[in-house]
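Structural description and commentary
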Amino acid sequence: MLGVQLLGNETVTVKEYPEPTRNENDLLIQVKASGICGSEMHGYRSPTPQASNGGHEVAGEVIEAGGSTKFKVGDHVGVHAVWGCGDCRWCGVGKYTYCNNRIGGGSGTHVERLAAPDHVCLKLPEDIPFDVGVLLTGDGLGVPYHVSQRLNTKGGDFVCILGAGPVGLGNTIVQSFLGAEVIVIDINDYRLSLAKAAGAAHTINSKETDPLEAVTEITHGMLVDKCIEAAGHPETLKLALILVGVAGAVMCVGEQGDLPISPSRDLIRKDLTLMGSWFYHYAEYPAMLNLYRRGLPIGRMITDHFPLVEAQTAFSKFANGQAGKVMLEP
Ligand SMILES: [Zn+2]
Ligand SMILES: [Zn+2]
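Source: prediction; values computed, not measured.

For the structure shown, the criterion picks out 10 salt bridges. R113 is the partner of E19 in a salt bridge, and the nearest nitrogen-oxygen pair spans 2.7 Å. Here R113 lies in strand β6 (residues 113-117) and E19 lies in the loop between β2 (11-16) and β3 (26-36), a separation of 94 residues in the sequence. K72 serves as the salt-bridge partner of D75, at 3.0 Å between the closest nitrogen and oxygen. Taken together, the shared-partner salt bridges connect K72, D75 and K123 into one network.

Written out as structure tokens, the structure reads:
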């Protein structure tokens, strides 16, 4: 079967891989759509070749169900991005990110077929397109949904999102849908236009406009209730701590290096809550699906579809910041 390999130095190839081997309770899935994630850019830009690819957001059709009692051949499924052991107390309540014995995860999903344990698969209703299914069962919606649960967004909140890549866009869609007045900050005008289309009430290009001045004006001097750092840079997290008002909350989503913080200035005297959010829970899927049924326009994140064999074009476009969510379709 065909699959993508990252060769390093921003080069990818589509090559022949052996068919996946299936354990007893694994499903064999014919991949219909596999999303490119920002987290894959590290491997894409690395000077050394990777063994395969870092794809982990995927949906498809079950072609072998083996001993699974939950799924049958023909079912449409998405695959959760984090694979818990399935046996511990956290896995028992569908919180695989807390599992201490995670079994790797679905890395390498830019392929024609893949095997996955049935307890990490999520059933997709048949009327849902596979590309949207990738977002609903993967971190495309999972990450912003989990953020919204941790932040407890209320209608009328001012929420500032730093970074308008796919994670920032997903947060823009979810926070706007939940009633927040969303301000998105980035340095890429194309991505800011996507944020606007995704529901942002205000967009700020911080290369041209001072973000503190702009946010002060928009919020009538109050600054924002919540800030979501989705750019993954210490400088933007620092900015988030400045743009949030008293009694507010700052959510770290973008993985990043160290940042010196002054507890007195940045946290204590502002009564501030600083928190992190990692991935999403398997158990959150029914609520995510319900939000979509109620009109959450999550499909707006998707800007491009490419056949698997055009993976190089897809990766280049994504890496150049000229795309939202990009789907590879075998
Ligand atoms: Zn991802
Ligand atoms: Zn576990």
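The subject of this paragraph is the nonpolar core. One finds C121 and I298 to be the most contacted residues of the largest nonpolar core, which totals 68 residues. There are two domains that each give this core at least three residues, and those are domain 1 (2-138 + 280-329) and domain 2 (143-276). Residue contacts for C121: discarding those within four places in its chain leaves L27, I29, F71, V77, G78, V79, A116 and Y282. Judged by nonpolar contacts, the second largest core, of 20 residues, contains F158, I183, L223 and L243.

The subject of this paragraph is the coordination of the zinc ion (ligand 1). Within the protein, C37 (SG), H56 (NE2), E57 (OE) and D139 (OD) serve as the donor atoms for the zinc ion (ligand 1), at 1.9 to 2.3 Å. The coordination sphere of the zinc ion (ligand 1) comprises 4 donor atoms, whose angles at the metal cover 87 to 123°; the geometry is tetrahedral. Between consecutive donors of the zinc ion (ligand 1), the numbers of intervening residues give the motif C-x18-H-E-x81-D. Placement of the pair is C37 in the loop between β3 and α1 (41-45) and E57 in strand β4 (residues 57-64), with a sequence separation of 20 residues.

What follows is about the coordination of the zinc ion (ligand 2). Listed as protein donors to the zinc ion (ligand 2) are C85 (SG), C88 (SG), C91 (SG) and C99 (SG); their distances from the metal cover 2.3 to 2.4 Å. Taken together, the 4 donor atoms coordinating the zinc ion (ligand 2) span angles of 105 to 115° at the metal, a pattern that classifies the geometry as tetrahedral. Here the donor residues of the zinc ion (ligand 2) share one chain and are spaced in sequence as C-x2-C-x2-C-x7-C.

The next thing to look at is the packing of helix α4 (residues 139-151) against helix α10 (residues 285-293). Their axes nearest at 11 Å, the elements α4 and α10 cross at an angle of 100°. Judged by the inter-axis angle, α4 sits roughly perpendicular to α10. In this structure, α4 uses L141, G142 and Y145 to contact α10, whose residues at the interface are A287, M288 and L291. For the contact of α4 with α10, the class distribution of residues is 5 nonpolar, 1 polar and no charged.

A few words on the sheet that holds strand β8 (residues 158-162). A sheet is described by the order of its strands in space; here 6 strands give the open sequence β10-β9-β8-β11-β12-β13, paired in parallel fashion. Whereas interior strands pair on both sides, the edge strands pair on one side only; in this sheet they are β10 (202-205) and β13 (273-276). Across the sheet, the mean angle separating the axes of adjacent strands is 20° when strand polarity is ignored. Taken together, the 4 bridges between strand β9 (residues 181-186) and β10 define a ladder with parallel strand orientation. Its bridge partner being in β10, D186 is matched across the sheet by N205. Sheet contacts for helix α5 (residues 166-177): β8, β9 and β11 (224-229); angle to β8, the most-contacted strand, approximately 170°. Helix α6 (residues 189-197) rests against β9 and β10 of the sheet, and its axis sits at about 170° to β10.

Here the focus is the domain arrangement of the protein. Domain boundaries assigned for the protein yield domain 1 (2-138 + 280-329) and domain 2 (143-276). On a C-alpha basis, the centroid separation for the pair domain 1 and domain 2 is 27 Å. Taken together, the contact between domain 1 and domain 2 spans 20 residues of the former and 16 residues of the latter. Interface area for domain 1 against domain 2, summed over the two sides, is near 1600 Å², with a carbon-plus-sulfur share of 71%. Inspection of the domain 1/domain 2 interface yields 0 salt bridges. In this assembly, domain 1 and domain 2 are joined by 4 residue pairs in polar contact (both at pLDDT 80 or more). Among the residues making up the side of domain 1 that touches domain 2, the classes are represented as 10 nonpolar, 6 polar and 4 charged.

Along the polypeptide, H56 turns up in the loop between α1 and β4. Once the C-alpha coordinates of H56 and S39 are considered, the two residues, 17 residues apart in sequence, prove to be 9.8 Å apart. For H56, the side chain forms a polar contact with the main-chain oxygen of G54, separated by 2.9 Å.

Basis of the calculations
Residues numbered from 1 in each chain as written. Chains lettered and ligands numbered in written order. Predicted model: local features only at pLDDT ≥ 70, side-chain atom pairs only at ≥ 80, totals over all residues. Heavy atoms only, no water. Salt bridge = Lys/Arg side-chain N within 4 Å of Asp/Glu carboxyl O. Helix = DSSP H or I, 4+ residues; strand = E, 2+ residues; numbered from the N terminus. Core = buried A, V, L, I, M, F, W, Y, C linked by side-chain atoms within 4.5 Å. Buried < 20%, exposed > 50% of the residue type's maximum accessible area, 1.4 Å probe, protein only. Domains from an automatic or database assignment. Contact = heavy atoms within 4.5 Å. Donors = N, O, S within 2.8 Å, 3.2 Å for Na, K, Ca; no water. Tetrahedral: all angles 85-135°; square planar, octahedral: opposite > 155°, others 65-115°. Axes fitted to C-alpha atoms, helices over the stretch in contact; angles between N-to-C directions. Parallel < 35°, antiparallel > 145°, perpendicular 65-115°, else oblique. Nonpolar A, V, L, I, M, F, W, Y, C, P; charged D, E, K, R; others polar. Pairing = 2+ DSSP bridges. Buried area = accessible area lost by both parts, 1.4 Å probe. Polar contact = N/O pair within 3.5 Å; in protein donor to acceptor, adjacent residues only side chain to side chain.

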